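# Examination of the molecular architecture
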Amino acid sequence: MSAPTRPDTPSGPGASVGPSASSGPGVLGSADRAVRALLAPTRNSGGSPLAVAALTVVTVAAALGITALLVAAVGGAPGKVFSSMIDGSVGSSSSLSQTLLEATPLLLVAVGACVSSRAGVFNIGQEGQLLIGAAVGAYVGLRTQGPPALVLTMTLVCSALGGALWAAIPAVMRYRRGVDVVVSTLLMIFLAEQLVSFVVSQPALLQETRVAGQVVAPQSDALAPSFRLPMIGDYPGFTLGAGAIIALALAVVVSLLLSRSRWGFKVRMLGHNPLAARHAGVREATFGGVALAISGAFSGLAGGVVLTGEVYRLQPGMSDNYGWDGLLVALVARDKPIAAVITALLFGALRSGGGVLASTGVPAYLIDITQALLVFAFVLPPGRLALGGAAAGRRRQAAVARAAVAGAAA
């Protein structure tokens, strides 16, 4: 009598199917499987690069056309709005500097998301990990004395550690209790927001120092100027923050590690096919958990960079959707750190250019709509070609099967 079929057995060659949800704590949850199935077509389009590029041009043009129609619908002039956005993002030295400043945390979050997604662990809690990283960095930066370079380094390193530890909690729940990473990382965002709000409202923790005659705000004291990231250049001319250099260097390093190292090969194997990776000796809990912690570390570092290079004090709203937008950057870049550099610049330009929309009489929320349309525009082409290629493959298999049946009958 044949052995019973395991529920996690792949249905075909190279099938990327995880274990069933009932087989124990080291399994993929339903949300994990759903996200994996949703994003798989965007990684391997099955079409030529030229076809993907041509279809991308069409979809981006369609997205911009829809944006122009929406601008006209709210009473704005599309030409004036687009020109204002260009001027506000790259039209001058100061606007270009602001674009790079906005793109820096987006790139850091995206690079971390690339690592976890390559391992098949879909972290969507970057917003909370960024906040926790900023909180830990603020505590270190405000409570530590010493040489400025050392304190600044400790602030950034501890920010990364804070984000990594916050992401490690869903990792433990995932590999010990089988909790969906997508669900747990999402819920941890709300916990992080409440925790940071509590920290900046307690004088014994990080609430700003009380001054007689002034209202105490729910925020921390400002970091000392010597403990902030240095800037190259002087305002209003072109300026470049040290955080942008750090983000670019880390993107290159992570790209090389993922593509050229043994660790990167095992991470990619785990993301493509967890079952095959386990048979090859790749411990899912170890590599998946580390990948999730690395993703949290990059988000925490992004919080540290925002703290030391832009805001200078801990505030509950300082994340400013950097976590969500950074996740979109990784999605558009298809989990490729180098591609995330260009994508982060695009999203940074949208964020900095959106600041001038109020002067044109157009609602600022159109920037969010434009971002969503562009995400669809970049993600749709490879997915559409992949689905078309799969359908064509099934039709060819059916034709071969019919021909074989007809030959046997003859």
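Starting from 1, residues in each chain are numbered consecutively following that chain's sequence as written. A pLDDT threshold of at least 70 governs which residues receive local features in this predicted model, and a stricter bar of 80 or more applies before side-chain atom pairs are shown or counted, although totals over entire chains, interfaces and linings include all residues. Side-chain metrics rest on all non-hydrogen atoms present in the structure, leaving aside hydrogens and water.

Moving on, we get to the overall build of the chain. Helix and strand counts for the chain come out as 14 helices and two strands. Buried residues in the chain amount to 47% of all 410 residues. A helix here means a DSSP run of H or I that spans at least four residues, while a strand means a run of E at least two residues long, and both kinds are numbered starting from the N terminus. A 1.4 Å probe rolled over the protein chains alone gives each residue an accessible area, and that area as a share of the maximum for its type sets the label: buried under 20%, exposed over 50%, partly exposed in between.

To estimate the expected span of a helix, count its residues, drop one, and scale the result by 1.5 Å. The end-to-end C-alpha separation of helix α11 (residues 284-311) is 38 Å, in line with the 40 Å expected for 28 residues at 1.5 Å each. Phi turns positive, to about 75 degrees, at Tyr312, one or two residues after α11.

Attention now goes to the environment of Ala103. Take Ala103: it is sitting in helix α4 (residues 93-118). For Ala103, a relative accessible area of 5% translates into the label buried. C-alpha separation for the pair Ala103 and Leu350, spaced 247 residues apart in sequence, amounts to 9.7 Å. When neighbours within four sequence positions are excluded, Ala103 is seen to be in contact with Ala344, Leu345 and Gly348. Residue contacts are counted whenever heavy atoms from the two residues lie within 4.5 Å of one another.

So, about empty space enclosed by the protein. Buried and open spaces are told apart on a 1 Å grid over the protein atoms alone, a cavity being a set of points where a 1.4 Å probe fits but cannot get out and a pocket being an open set with protein on both sides within 12 Å along at least five of seven lines. Residues with an atom within 4 Å of a point are the lining residues. Grid points are joined across faces, edges and corners, and a volume is the space filled by probe spheres set on the points. Taken as a whole and judged by the stated rule, the model has two cavities of 30 Å³ or more. In this structure, the second largest cavity encloses a volume near 40 Å³. Looking at the second largest cavity, the residues that line it are Thr67, Val71, Val81, Phe82, Met85, Leu357, Leu366, Ile367 and Thr370. For this classification, Asp, Glu, Lys and Arg are treated as charged, while Ala, Val, Leu, Ile, Met, Phe, Trp, Tyr, Cys and Pro are nonpolar and the rest, including Gly, are polar. Taken together, the residues of the lining of the second largest cavity sort by class into seven nonpolar, two polar and no charged.

A few words now on the pattern of salt bridges. When a carboxyl oxygen of Asp or Glu is within 4 Å of a side-chain nitrogen of Lys or Arg, the pair counts as a salt bridge. Applying the stated rule across the entire model yields six salt bridges. Note that Glu284 is salt-bridged to Arg278, the shortest N-O span being 3.1 Å. Ionic pairing is found between Arg351 and Asp325, a salt bridge with its closest N-O pair at 2.6 Å. With Arg351 in helix α13 (residues 337-353) and Asp325 in helix α12 (residues 322-332), the pair connects residues that are 26 residues apart, well separated along the chain. The exposure class assigned to Asp325 is buried, which follows from its relative accessible area of 8%. Residues joined in a network through salt bridges with shared partners are Glu102, Asp320, Asp325 and Arg351.

Our focus in this paragraph is the packing of aromatic side chains. For Phe, Tyr and Trp, rings pair up if their centres lie within 6.5 Å, where Trp contributes its six-membered ring, and each pair is then called stacked (planes under 30 degrees apart), edge-to-face (over 60) or tilted (otherwise). Taken as a whole and judged by the stated rule, the model has zero aromatic pairs. Two conditions define a charge located above a ring, namely a distance within 6 Å from the ring centre to NZ of Lys or CZ of Arg, and an angle within 35 degrees of the ring normal. Above the ring of Tyr312, the side-chain terminus of Arg228 is found at 4.0 Å from the ring centroid.

A few words now on the confidence of the model for the chain. Parts of the prediction with low pLDDT should not have their coordinates interpreted in detail. Looking at the chain as a whole, the pLDDT averages 82, with 80% of positions reaching at least 70. Per-element confidence in the chain is highest for helix α8 (residues 242-260), whose mean pLDDT is 95, and lowest for helix α1 (residues 30-43), whose mean pLDDT is 56. Values of pLDDT, which run from 0 to 100, indicate the predictor's confidence residue by residue.

So, on to the nonpolar core. To form a nonpolar core, buried Ala, Val, Leu, Ile, Met, Phe, Trp, Tyr and Cys residues must be joined to one another through side-chain atoms within 4.5 Å. Leu107, Leu108, Leu314, Met318 and Val329 are the most contacted members of the largest nonpolar core, which totals 72 residues. By size, the runner-up hydrophobic cluster in this structure holds 13 residues, among which are Val60, Val71, Met85 and Val362.

Take Gln219: it is sitting in the loop between α7 (181-199) and β1 (231-232). Judged by its relative accessible area of 16%, Gln219 is buried. Distance and chemistry together define a polar contact, namely a pair of N or O atoms within 3.5 Å, with one atom able to donate a hydrogen and the other to accept it when in protein, and with adjacent residues in sequence counting only for side-chain atoms on both sides. In terms of polar contacts, Gln219 uses its side chain to reach the side chain of Gln315, at 2.9 Å. Those residues within four positions of Gln219 in sequence are excluded, and the remaining contacts are Val200, Leu206, Gln207, Glu208, Arg313, Leu314 and Gln315.

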